[in-house]
Each structure stands twice: as C-alpha cells, then as structure tokens.
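Examining the three-dimensional arrangement
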Amino acid sequence: MEIALLFLPLIASITSGFFGKFIGDRSSEIITSFFVSISALLSLILFYQVIVNNYENNVVVASWINSGSLNVNWSIKVDALSSVMLVVVTLVSALVHIYSIGYMSHDPHKPRFMAYLSLFTFAMLTLVTSDNFLQLFFGWEGVGLCSYFLIGFWFKKDSANAAAIKAFVVNRVGDFGLVLGIFLIFHLFGTVNYSEVFQQIPQIIDKDLLFLGIHIEAIDLICILLFIGAMGKSAQIFLHTWLPDAMEGPTPVSALIHAATMVTAGVFLVVRCSPIFEYSPLTLNIITVVGMTTAFFAATVALVQTDIKKIIAYSTCSQLGYMFFAAGVGAYNVAMFHLFTHAFFKALLFLGSGSIIHSFKDEQNINQMGAVYKKLPYTWILMIVGTLALTGFPFLSGFYSKDAIIEFAYLKGNTAGYYAAGVGVFTALLTSIYSWRLIFKTFHGTYNNNKMKIEEIHESPIVMLVPLILLAIGAIFAGFLFKDLFISHESANHFWGDSIKFLKPLNSDHPPLWIILITPTLVLLSIPVAYYLFIKNKELPNQFSQSNRPLYNFLVNKWYFDELYNIVFIQSSKKIGLFFWKTVDIKIIDKFGPDGVSSLIKNLSLRASKFQSGFIYQYAFMILIGLSALLTFLILY
Amino acid sequence: MINLNFISAEIFISVSIMFLLILGVFKKNSSSLIHNLSIGLLLITGILILNNYPDKSLTFFANSYIIDTLSSLMKIFTVIGGALVLSISKKYLKISNIFLIEYPILILCSILGMMVMISSNDLIVFYIGLELQSLALYVLASFNRDQLKSSESGLKYFVLSALSSGLLLYGCSLIYGFSESTNFNIIGNALKSTHYGLTFGIVFILVGLAFKISAVPFHMWAPDVYEGSPTSVTLFFATVPKVAALTVFIRFLYVPFINMIDQWQPIIIFLSIASMIFGAIAAIGQNNLKRLVAYSSIGHIGYTLAGLSVATNEGIQASIIYISIYMVMNLGLFSCLFMMKRNDQFFETIEDLSGLSKNHPILSLSFLVILFSLAGIPPLAGFFAKFYIFKSVIEQSMYFLAIVGLLSTVIAAFYYLKIIKVIYFDKEKEKYDTDHSTWLKVSLAISTLLILLYFIFPSKIVEIVSSVTII
C-alpha cells in the first residue's frame, strides 16, 4: 500500500510527461488526477490506521548507497508525523490536480503541467517518508526542482523565468545550510539514518566544535545549519524573498507548492528532528525569534499589497512564522496542527483567488476588482470561509491551531515565549485586517475594472468549485475534529508516539482566560473595522498612508529586502563576476592562453609560408646555414 | 662461393628493368603493358625478398653488401609501396598525358637504387645506390615536362640534391681519411676519437641524409617539389624514398657512427624538434593539399627522427613502425586526392573539398579516418605510431623531446581537423566523377581499414618489427 501510495504519482508523471503527446491532453489530466486521488485515498486509509492502531512501518524499497559505514536505503517510513504529512500532501495535491483541469483549460501545455504537478507530489512524498537525511535531501531538492519548473511554467514570460531562478537560487542558500548540517551529522555519527542519529544525540551534548574560528557546541551547530535549510524552504525572514515572486506561477501551483506543502517542508524538518532540536535551547530560541519576526513582518507587508496572490503569499509566509515559533517553544505537535489546518484554508484561499483571477481573465490587482459577490456567489462564500478560518474566527480550524500556538508560547514562560505570544496576538489582528481588506476590496464596494464589463464576469466551472468546497469543509472542520488528536495533552504520548520527542512534557497548565479570549475578540472586532476602513470610509486609509508616507513606502517595498539584497549580494557578485570575466578571463587567461597562443602560431605560420620564397639560391643558402650552425654548435659543444 | 640467392631480388629487378626497356623500345603502344608488368615484377621481387628472409645478418662482396632483417623488411616496404603507387596512379597518368613507358621503368630504377642503399655496408656502395635512386627521381619530378611547375620542381630538386650529394661525398671522404676504410664496420671500430675532422665528416653526412628525408632546416625543397611534381610522383616522393633514407639513417647512426653517439645525438634531437614544430606550424597556412602533405611529411619525419635519437632498439623499431604506418596513411590520403577529379581535371586545394560529405559520404569517411589518424587520434593507427615513439623516448627520460612532440601534435591536429571541418560543415560544391579504377578503390579501402583496425592486431606488427635489432 505504501509503495503504491508513493509511486502512483511518479507513474502518473512519467505517463503524462513523456507520453502526453500520444495520449492527449484530456487523458493526461484524467490519469494524473486519478492516480494522485488514489494516492490520497490510500493515505487517508493509512492515516486512519495510524490513528486507530498506532500503525508504524518502515518499508525498505531498495538499498541506495552501501559504501563502507554509509548505508542508505530508499524507504517509506510511516509514523504519525509522516502520515499527517501524507494526508496533507496527497489530499491537497489531488484537489489541485482536479482544479487544474479547469484552471488550465486555455493552456496549450497541459500534459507538461500535470506531469510537473505529479512529479512534485512524488518528490514531496519521498521527502516526508524518508527514514534518513539523504533521502530527505533528495526529496528536498526534488520539490525545489519542481517548484522551479512550475514557477517558470509560463516560460515565455521574463518575469516568470526570473522568479523561477530567484526561487532556485535563494533556496540554494538554505540548501547549503542543510547540506552542511547533514555533512556534520555524518561526520559526528557516521550515519545519516534518523533512528541511529537520534539515538546517539545525547552522547554529544557537551561536544565543542571549532567552526569558522568560533567554538560552538556541536548540537547547536547542527540545529542551526538544519534550520537554515528550513528557513530557505519555508521562506522565513531573510530567505523569504523568493516566495512572493513565486506567485508568477499558475495559481494551482501557488496553492499546492507555495502554500500547503513544499513551504511547510521546513516546519516538517524541524519537527522531524525534534530529537535533535530538543537538546539545543539556543537554536529553539533562534527559531522562536525568527518565526515570530517573520509572522509580524509578513503580516505588515500584506497590509499594503495590491496583488491578490501576493497578499496571500505574505499571509503564508506569516503563518509559516507561526508554525516555526510554535516549534521554537517546543510545541511541535501544535506546529504540525497549524500546518495541517493551514494547508486546508490556505489552499482554499489560493484556489479561490485563482477562481477570481480566472473570472477576471488574469487580473490580479485587487484595486481593479470589487462588487462582484453577486456574480461569483460560490467563490465569495468559499473565500469568506477561508478568510474566517485563516483569521481564527471561533470554532473554525484556524481558531484552534493559532490560539493553541499563542497559548503554548505564553505557557513557555520565558522571555522569548511571552514576547512571541504578544507578537502572535498582534499579528493575528493584522492578519484579520489584511484578509478582510482582500475580501472587501475584491467582492464589495464598487466595480473598478475598466478592461471588462461586470456582465462578463461569470462563475468558475464546477470542476474548479468542487475542490474548493472540499477544502472549505476541511477548513471549517479540521480544527474542531482533530484538535484532541493533535494537541491534547494525552496525544503527545498517544498519537505522536516516537515521531516527536519532548524532552520535558509540555506544560499542562491552563493559560489565563484573557489569553484565550483576546485573539478571538480582536479578530471579531477587526471585521467591522476593516469594513469601515475599506468600504465605508475609503479615504481614511489613503489619508493615513499619505500622512505616513515613509512607513507606507517601507511596507509597500516589503521592508526594502529586495533592494538591500540587490545592493549587497547581486550587485557585488555581479561586479566580481564581471571582473573575473572581463579582466581575469579575457584579458589575462585568454590573452596569454588560448587566444595568445593561437594568434602566435597563426603569425608564425604566415612567416613560415613567406619564408618559402621559391628562389633556389635561398634554399641552398639555408642548407649551408644549417650545416654551419650544426658544425658551430658541435665544435663549441 | 658467394650465395647469390640472397641478392636474387636485386639481380631480378635489374634484369627486369633492362627487359622492360627493350620491350618498350621495340613494341609500339606498350605503356599499359609495361605498367602492368612493372607492378607484377615488383610483386615478384617482393616475394623473392620474402623468400630469402634472413635470420641473421649476412655480408657479401668483401663485406660491402649486407642482408639482414632490417634491410629485408625495409626492402619489402619499398617494393610494396612502389607497386601500390604504380597501381593507383595509372588513371592519373593517363589523364595527365604522361602515361609513357619510361615512367614505370624510372620508378623501378629508383627502387633498385633504394634497395642498394638499404643493403649497403660500404660508403661507395651506398653512394652508388643513392645516386641511382636520385637520378631517377629528378627525372620523375619533371616528368610532366610540358608543365612549367613540373620542370621547375625537377630542376630545383636536381640542383639542391646535387648540393647535398656534394656535402655527403665530402663527408664520406673525410671519414675515409680518418678511418682509412670505406667499410661501415671498420669505420665503426676506427672512429673513437673526438677529432674535429671526424665531427665535420659526421655533420656533412648527416646533413646530406637530412636533405633526403627533408628534415628541417634542409627541407626547403620539399614543398615546392611536392607541389610541382605530378601527384603520382608526389605520392612516390612522400612515401618510398623516405623508407630507404630512414634505413640508411639507421645504418649510418648505429654502425659506423655508433661510438660517436655524443656527437650526433644532439643533432638528431635538434632535427627532430625543428621538423616537428616547423612541420606543424607551416602547414597551417597552406591551402594546396600537396603542399600541405609536404609540410605534414616534414612533421612526421620529425617523429621518426625522435625515435632514432634515443639510441635503443625500441626506438629504432618505433621509427620503423612509424614510417610504415605513415606510408599506409599517405597511400590512403593520395588515393583520396586521385578521386578528386571532375571532367578529367584534378583538384588539389582545400576549398575543393568543401562540403564533400554531402555528395561523397564514403570518400569523406575515408578522408576522416585518414586525417584523424594523421593527427594521431586514438584508436587509429596514427595514434599507435606516435605512442610507440613517445614511449621509447620517455623510457630514456628524454622528456623535453616528448613534450615538444606532444605539443606539436596538438598544433598539427589543427590543420587536419580544419580539413575535416571543410569536408563536413562547409557549403557543398559540384559532384566529382566516380569512375575510379578498381585498384584505386581497393587501395583506399585497404588503407582505411588498416588504419581503422590496426588496434585489433598491434602485437603482430610489433612482433615482426621486433626482429630488427641493430645495436
């Protein structure tokens, strides 16, 4: 069952990718969607077994590397953690596959698109089911590659190509950290298999390492390096710049890769490595700080963006920050819970926005929309469900997971924890405001689009709405249904078992009532506030932004990260590159190397030809000269 | 009583020459007959040599004539080379209006001269052989006497060769003066001092010989003569006399001058390096294929000289293998040149090859194989030829020579590859004729296959050549 689960997407991908031309667009779409759906069903069955029977298994598919002490297998590790990921990945993937049939209906390269989606699914599955760091890395790079393919899917658009390259390069920075981390693990433990590594972790707690001239504890170094990898993949602050640009890809891609699955790989890595991270309080604090900064930063930027997909992208970034600081305060299960619920409502939001974009014929600017809720009733309702879930409206999924994060952060009891909880609450408020801004600007107010008449707007086809409805069901009920399973105090031992390690049991105190109440209250209050700001009194936000021009610019320009990186990294490396190319390579190496030698020989050859004058006396003279030269040489020698 | 069996080949060929001459004079329109007969007679000569293949060295006529494995092997190469040259150039001669009875007879004469040279163990016998082959070659070079270029090249060759013969003779007389003998073995025993007179003698003789094999800086005649002579004669020049001259070179260096190795070794190394570099560089600027072959042969002679300079049996054997493979490659290359004919006119510049692959795929493929082999690209025969040479050079720790050799191989590869590029990637031209003689086709096929398949049976060749031990 596990093998079928894992390889069905691969088969689908190969079929559609290599034989798409022969079997036709429609068959490619059906085959990929069907296979991935079966995969999703299988993973649901597996998840059920894990819940009910505490099923655990490690299927070794093949031996991969067997060299000296390095033994690495291709394997499918099934436990609580990976089964959650399997459900998220295959379910969202299956829905996105189906949705894409409608969304990509006007695209000429459907089989290629479906093949990439399925391939991505396969890579993501190998990532989450790995039982060692190497296979994890394989999946890690695999999803990165597919992400590159899919961001740049519309390869005729320059901006798409640039975004794809940017995503790849920024991820490379993170991957470098991950690779170093894996190297270090192999160096210290001589193995890269999770179980063996985790077992040996307590033995190296006090081990010091000299790294870049700094003495650092080995365990801290491993964790920091791994976390750098996670930061790259999960678009945490400093390495987040690729995620908003990645919205150049088709919207289903954004929903699948850049909201629900791939970007959560970093969170998964941290949770999977909880047996390591638990021993490194330093890194956990770093994770908390980075996570909460990202959450706050992304939320502020999302406030002023006008591109519907970019708003949701920053929202994703922000929610990933929540997950990280949950992990940072030691509540790995809560992080996973938020990951789980987030997958539903964020995929819903993305696919919903895709539906809007589709209706508006590829318009993404929310200032160009408005007043269409009657035209797009289903999309409107579904988007509101997604928004409510995202903002943490009581009893929807986001409510349970996000509040749990804030509570656990508060309960952590240290400075970072309190700080994180505070930021978490404030960010929740911001989240609510920007989300409702999106809804009001898109569906309400006045119609602002000059390119097409409002009569032309029409609801998306049923094939796109069904996945939305299914996701909406998940967004509504996932939190309520699974909260006990994921984050109740018994679950730590019962459900999660060995897949997550808690060095100290989680704090079982109840947080004060005001902490529990403050977030929902703020969220509820923000709805009328947003309504007032963006519908009733539109001048107010404009006036505010006019009077606080620097702040507004700061946010619109995304805290100037891109500009900063452009100056620090891109310009400088370009200069270095130009120097090596123009000066070192062309003027020195080429000039004295290949070019110089070849022109020298050409020159000599011309002279040699001229030397051959055709006059017999000259030839005779040469013979005599040669003779005399040899004689002279021998006599002197 | 002298056992004349061992020199039956020389006797046979002398008698044949006279017979063919008389036949040609008395029978009208006998060019074709004499041409075919010559080929047959040459093959019979080859069989005679093979039949009397010696196991040890024998000397005749008061030690002035020697038959050993070296001489017999090289004679076989010479004779077979001569026969092949005659057989593939028949059509060319007919078209160029020089299909006369004298042509094969002159070639036979020069081959007889070479055989005498190869077997000589005495300065005077050697000189007689040399002059016999040279005189025939002068005539051959200017054989197409109605053409200005051909007569010019014959005259140039004659004058310069006379100069070099003069130097050679002067050297011989000096050697005779110091050793009181013309016999190689006696000279070898007598030459032990490092007297300047002896040095002069050696240098004069070596310069004379270097001229014959066109080593730099005594090569100046080669490009002009190669270009001016009829193509079939150029082919003969580029292959057969080289074999003979190389044998003489070996004989001189390792029999009479064996004790003077300190004196001649730097000269040979210098000639070798100069030839390799100059051959590679000067050929790049050439446009005429025959001229290019001249420079290429200068370069190849550089490699054979490198083998000679190491003063070991392995080096000598490597040189012999090199010159035989070189002969095969040149036969193939000229077979290709003979095929570049349109409306009874032959073409010989690189531009004429442009886009050849479109109309003549098989011919182009042979060209490709031969040129790759000349450039020394594995696994073709040319690679092994160079490989043996470099191996023997490096075994004697002569690294400088090896490095220069390798570098010049790289440079030389350029002009061979340039021709391939022209054949395969340039714009196609008009088709060439395809009515080639069977002999020409067979010769091209065989030489290409030999080059291509050499790597299957290298040990056989090495085994045959390894019986040649001089030192």
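Residues numbered from 1 in each chain as written. Chains lettered and ligands numbered in written order. Predicted model: local features only at pLDDT ≥ 70, side-chain atom pairs only at ≥ 80, totals over all residues. Heavy atoms only, no water.

**Let's talk about the overall build of chain A**
Summing up its helical and strand segments, chain A has 25 helices and four strands in all. Nonlocal contacts in chain A, meaning residues at least 24 apart in sequence, comprise 79% of its contacts between residues at least 6 apart. Here chain A has roughly 26,200 Å² of accessible surface; of this, 67% comes from carbon and sulfur atoms. (Helix = DSSP H or I, 4+ residues; strand = E, 2+ residues; numbered from the N terminus. Contact = heavy atoms within 4.5 Å. Areas by Shrake-Rupley, 256 points an atom, 1.4 Å probe, with all protein chains shown as cover.)

**Section: the overall build of chain B**
Of regular secondary structure, chain B possesses 20 helices and four strands. Out of the 471 residues belonging to chain B, those deemed buried represent 65%. Across chain B, every contact between residues at least 6 apart in sequence was considered, and the portion connecting residues at least 24 apart equals 80%. Carbon and sulfur atoms provide 67% of the accessible area of chain B, an area that totals close to 17,100 Å². (Buried < 20%, exposed > 50% of the residue type's maximum accessible area, 1.4 Å probe, protein only.)

**Quick look at the environment of Phe218(B)**
Tracing the backbone shows Phe218(B) in the loop between α9 (196-212) and α10 (221-228). Considered as a pair, Phe218(B) and Leu271(B) are 53 residues apart in the sequence and their alpha carbons are 9.2 Å apart. For Phe218(B), the contacting residues outside a window of four places in its chain are Ile623(A), Gly626(A), Leu627(A), Leu630(A), Val207(B), Ala210(B), Phe211(B) and Leu271(B).

**Overview of a nonpolar patch on the surface**
Taken together, the side chains of Ile462(A), Val466(A), Ile469(A), Leu470(A), Ile473(A), Phe477(A), Phe480(A) and Leu481(A) present a nonpolar region at the surface, about 760 Å² in accessible area. Secondary-structure assignment places Val466(A) in helix α18 (residues 462-487). (Patch = residues over 30% accessible without salt bridge, like charges linked within 9 Å, V, L, I, M, F, W, Y side chains within 5 Å. Salt bridge = Lys/Arg side-chain N within 4 Å of Asp/Glu carboxyl O.)

**Comments concerning the nonpolar core**
In this structure, Phe133(A), Leu226(A), Ile276(A) and Phe277(A) are the most contacted members of the largest nonpolar core, which totals 198 residues. For this core, the element with the highest residue contribution is helix α14 (residues 332-359) of chain A, accounting for 17 residues. Those residues in contact with Leu226(A) that sit more than four places away from it in its chain are Phe133(A), Leu178(A), Gly181(A), Ile185(A), Leu269(A), Cys273(A), Ile276(A) and Phe277(A). Counting 189 residues, the second largest nonpolar core, distinct from the first, contains Leu20(B), Phe126(B), Phe236(B) and Ile301(B). (Core = buried A, V, L, I, M, F, W, Y, C linked by side-chain atoms within 4.5 Å.)

**Overview of the interface of chain A and chain B**
On the side of chain B, 34 residues touch chain A, which itself brings 21 residues to the contact. For the pairing of chain A and chain B, the buried interface totals around 2,500 Å² over both sides, and the portion due to carbon and sulfur atoms is 83%. Inspection of the chain A/chain B interface yields zero salt bridges. Counting across the interface, chain A meets chain B through seven residue pairs in polar contact (both at pLDDT 80 or more). Secondary structure elements with two or more residues in the side of chain A that touches chain B: α24 (594-611) and α25 (616-636) of chain A. Top element by residues in the side of chain A that touches chain B is α25(A). It accounts for 12 residues. (Buried area = accessible area lost by both parts, 1.4 Å probe. Polar contact = N/O pair within 3.5 Å; in protein donor to acceptor, adjacent residues only side chain to side chain.)

**Concerning the packing of helix α16 (residues 397-412) of chain A against helix α20 (residues 513-536) of chain A**
Helix-helix packing is described using two parameters, namely the angle between the two axes and the distance between the axes. All names here are of chain A. Between α16 and α20, the shortest axis-to-axis distance is 10 Å and the interhelical angle comes to 140 degrees. Considering the angle they form, α16 stands oblique to α20. Of the two possible hands of crossing, α16 and α20 adopt the one that is right-handed. Residues Phe 399, Asp 403, Ile 406, Glu 407 and Tyr 410 of α16 form the contact with α20, whose own contacting residues are Trp 514, Ile 515, Ile 516, Thr 519 and Pro 520. (Axes fitted to C-alpha atoms, helices over the stretch in contact; angles between N-to-C directions. Parallel < 35°, antiparallel > 145°, perpendicular 65-115°, else oblique. Left-handed = near helix turned anticlockwise from the far one by under 90°.)

**A few points about the packing of helix α11 (residues 231-254) of chain B against helix α14 (residues 313-339) of chain B**
All names here are of chain B. Viewed as axis vectors pointing N to C, α11 and α14 meet at an angle of 175 degrees, and their least axial separation amounts to 9 Å. Judged on the interaxial angle alone, α14 and α11 are roughly antiparallel. Where α11 abuts α14, its residues Thr 231, Ser 232, Thr 234, Leu 235, Ala 238, Thr 239, Lys 242, Val 243, Leu 246, Ile 250 and Tyr 254 lie against Ile 316, Ser 319, Ile 320, Ile 323, Tyr 326, Met 327, Asn 330, Leu 331, Phe 334 and Phe 338. The residue makeup of the contact of α11 with α14, split by class, is 14 nonpolar, six polar and one charged. (Nonpolar A, V, L, I, M, F, W, Y, C, P; charged D, E, K, R; others polar.)

**Structural notes on the environment of Ser57(B)**
Residue and element names in this part refer to chain B. Along the polypeptide, Ser 57 turns up in the loop between α2 (31-51) and β1 (58-60). In this structure, the C-alpha to C-alpha distance between Ser 57 and Leu 70, residues 13 residues apart in sequence, is 9.1 Å. Not counting the four nearest positions on each side in its chain, Ser 57 is found in contact with Ile 66, Ile 67 and Asp 68.

**Concerning the environment of Asp68(B)**
Residues and elements named next belong to chain B. Within the secondary structure, Asp 68 sits in the loop between β2 (65-67) and α3 (69-88). Judged by relative accessible area, which is 8%, Asp 68 ranks as buried. Residues in contact with Asp 68, not counting those within four places in the same chain, are Pro 54, Lys 56, Ser 57, Arg 251 and Ile 470.

**Regarding helix α16 (residues 361-375) of chain B**
All names here are of chain B. With 15 residues, α16 ought to run about 21 Å at 1.5 Å a step, and its terminal C-alpha atoms sit 21 Å apart, in line with that. Counting buried positions over the 15 residues of α16 gives 11, a clear majority of the element. On its buried face, α16 is in contact with α13 (289-309), α14, α15 (356-359), α17 (381-395), α18 (399-425) and α19 (438-453). Once α16 finishes, Gly 376 follows within two positions and takes phi at roughly 85 degrees, a positive value. (Expected span 1.5 Å × (residues − 1).)

**Some points on the pairing of strand β3 (residues 208-211) of chain A**
Residues and elements named next belong to chain A. Both β3 and strand β4 (residues 214-217) contribute to a ladder of four bridges, which runs antiparallel. When the sheet's bridge partners are listed, Asp 208 is paired in β4 with Glu 217. What sits between the antiparallel neighbours β3 and β4 is a turn of two residues, in which Leu 212 has the positive phi angle 50 degrees. (Pairing = 2+ DSSP bridges.)

**Topic: the pattern of salt bridges**
Should their charged atoms come close, side chains of opposite charge can pair. One pass over the structure, following the stated rule, counts 20 salt bridges over all chains. The salt bridge involving Asp175(A) is made with Arg172(A); its shortest N-O contact spans 2.8 Å. Within this pair, Asp175(A) and its partner Arg172(A) are both found in helix α5 (residues 158-189), separated by three residues, close to a single helical turn. A salt bridge links Glu10(B) to Lys75(B), with the shortest nitrogen-to-oxygen separation between them at 2.6 Å. Of this pair, Glu10(B) sits in helix α1 (residues 8-26) while Lys75(B) is found in helix α3, placing the two residues 65 residues apart along the sequence. Neither residue differs from the other here; Glu10(B) and Lys75(B) are each classed as buried. What emerges from the salt-bridge pattern is a single network uniting Lys149(B), Glu152(B), Lys156(B), Asp224(B), Glu227(B) and Arg291(B).

**Re the side chain of Lys558(A)**
Residue and element names in this part refer to chain A. Relative to the elements of secondary structure, Lys 558 occurs in the loop between α22 (549-556) and α23 (561-592). Here Lys 558 sits buried without a salt bridge, and the closest side chain of opposite charge, Asp 562, lies 4.4 Å off (N-O distance). The contact partners of Lys 558, leaving out residues within four places of it in the chain, are Phe 297, Val 301, Gln 305, Lys 310 and Tyr 314. (Lys, Arg positive; Asp, Glu negative; His and termini not counted.)

**Remarks on the packing of aromatic side chains**
Enumeration over the complete set of coordinates arrives at 75 aromatic pairs over all chains. Aromatic side chains Trp64(A) and Phe138(A) sit 6.2 Å apart centroid to centroid with 80 degrees between the ring planes, which places their arrangement in the edge-to-face category. Here Phe138(A) lies in helix α4 (residues 133-151) and Trp64(A) lies in strand β1 (residues 57-67), a separation of 74 residues in the sequence. The partly exposed category is assigned to Trp64(A), whose relative accessible area is 31%. On the basis of relative accessibility, which here comes to 36%, the residue Phe138(A) falls in the partly exposed class. Here Trp74(A) and Phe138(A) contribute two aromatic rings whose centre-to-centre distance is 4.9 Å and whose plane-to-plane angle is 85 degrees, an arrangement assigned as edge-to-face. With Trp74(A) in strand β2 (residues 70-78) and Phe138(A) in helix α4, this residue pair connects regions lying 64 residues apart in the sequence. A network of ring pairs unites the aromatic residues Phe238(A), Phe296(A), Phe297(A), Tyr314(A), Phe426(A), Phe554(A), Trp559(A), Tyr560(A), Phe561(A), Tyr565(A) and Phe569(A) as a single cluster. Here the guanidinium or amino end of Lys386(B) rests over the ring plane of Tyr303(B), the centre of that ring lying 4.8 Å away. (Phe/Tyr/Trp six-rings, centres within 6.5 Å; stacked < 30°, edge-to-face > 60°. Lys NZ or Arg CZ within 6 Å of the ring centre and 35° of its normal.)

**Some thoughts on the confidence of the model for chain B**
Residues and elements named next belong to chain B. Residues of chain B with pLDDT of at least 70 account for 99%, and the chain-wide mean is 90. Predicted confidence in chain B is weakest over helix α20 (residues 458-465), with a mean pLDDT of 85, and strongest over helix α5 (residues 102-119), with 94. Interface confidence for the predicted complex, given as ipTM, is 0.87, next to a pTM of 0.67. (pLDDT = per-residue confidence, 0-100.)

**Comments concerning helix α12 (residues 261-284) of chain B**
Relative to the 34 Å expected for 24 residues at 1.5 Å per residue, α12(B) spans 35 Å between its end C-alpha atoms, a close match to the ideal helical length. Of all 24 residues making up α12(B), 18 are buried, and the element is well covered by its neighbours.

**Considering unusual backbone geometry**
Residue and element names in this part refer to chain B. A cis amide bond, omega 5 degrees, links Val 216 with the succeeding residue Pro 217. As for its placement among the helices and strands, Pro 217 is situated in the loop between α9 and α10. The omega torsion across Pro 378 and Pro 379 is 5 degrees, close enough to zero to call that bond cis. Even without glycine at this site, Asn 29 takes up a positive phi of about 50 degrees. Locating Asn 29 in the fold gives a position in the loop between α1 and α2. Positive phi values are uncommon outside glycine, yet Ser 397 reaches one of about 60 degrees. In this fold, Ser 397 is placed in the loop between α17 and α18.

**Some words on the side chain of Thr312(B)**
Residues and elements named next belong to chain B. Topologically, Thr 312 is positioned in the loop between α13 and α14. By relative accessible area, Thr 312 is classed as buried at 13%. Setting aside residues up to four positions removed in sequence, Thr 312 forms contacts with Tyr 254, Gln 396 and Ile 471.

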